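# Descriptive analysis of the structure
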Amino acid sequence: MASTFFLIGIGFVIGLAGWALFLWAVRSGQLDDPEAPKYRMLDDDDEVQNKPKKMDK
């Protein structure tokens, strides 16, 4: 019976830790835009590198 209360306590602590991590993620903006990372990898970065450089006279 004592092990049941021990496991319930451990489950409660793990649940609180998960809830705290979820609140941290929401407050720090981790879940603001879940769609952007999959489209960001499709952006072509070569356009920025191939721009002509301005010549100083």
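The name given to the chain in an unreviewed UniProt entry is Cytochrome oxidase maturation protein, cbb3-type, with the source organism recorded as Chlorobaculum parvum.

### Structural notes on the pattern of salt bridges
Taken as a whole and assessed by the stated rule, the structure comprises one salt bridge. For the salt bridge of Glu35 with Lys38, the shortest nitrogen-to-oxygen distance reads 2.8 Å.

### Focus on a nonpolar patch on the surface
Taken together, the side chains of Phe6, Leu7, Ile10 and Ile14 present a nonpolar region at the surface, about 430 Å² in accessible area. If you trace the backbone, Ile10 turns up in helix H1 (residues 2-27). Taking relative accessible area as the criterion, Ile10 reaches 34% and is therefore assigned partly exposed.

Cut-offs applied
Residues numbered from 1 in each chain as written. Predicted model: local features only at pLDDT ≥ 70, side-chain atom pairs only at ≥ 80, totals over all residues. Heavy atoms only, no water. Salt bridge = Lys/Arg side-chain N within 4 Å of Asp/Glu carboxyl O. Patch = residues over 30% accessible without salt bridge, like charges linked within 9 Å, V, L, I, M, F, W, Y side chains within 5 Å. Areas by Shrake-Rupley, 256 points an atom, 1.4 Å probe, with all protein chains shown as cover. Helix = DSSP H or I, 4+ residues; strand = E, 2+ residues; numbered from the N terminus. Buried < 20%, exposed > 50% of the residue type's maximum accessible area, 1.4 Å probe, protein only.

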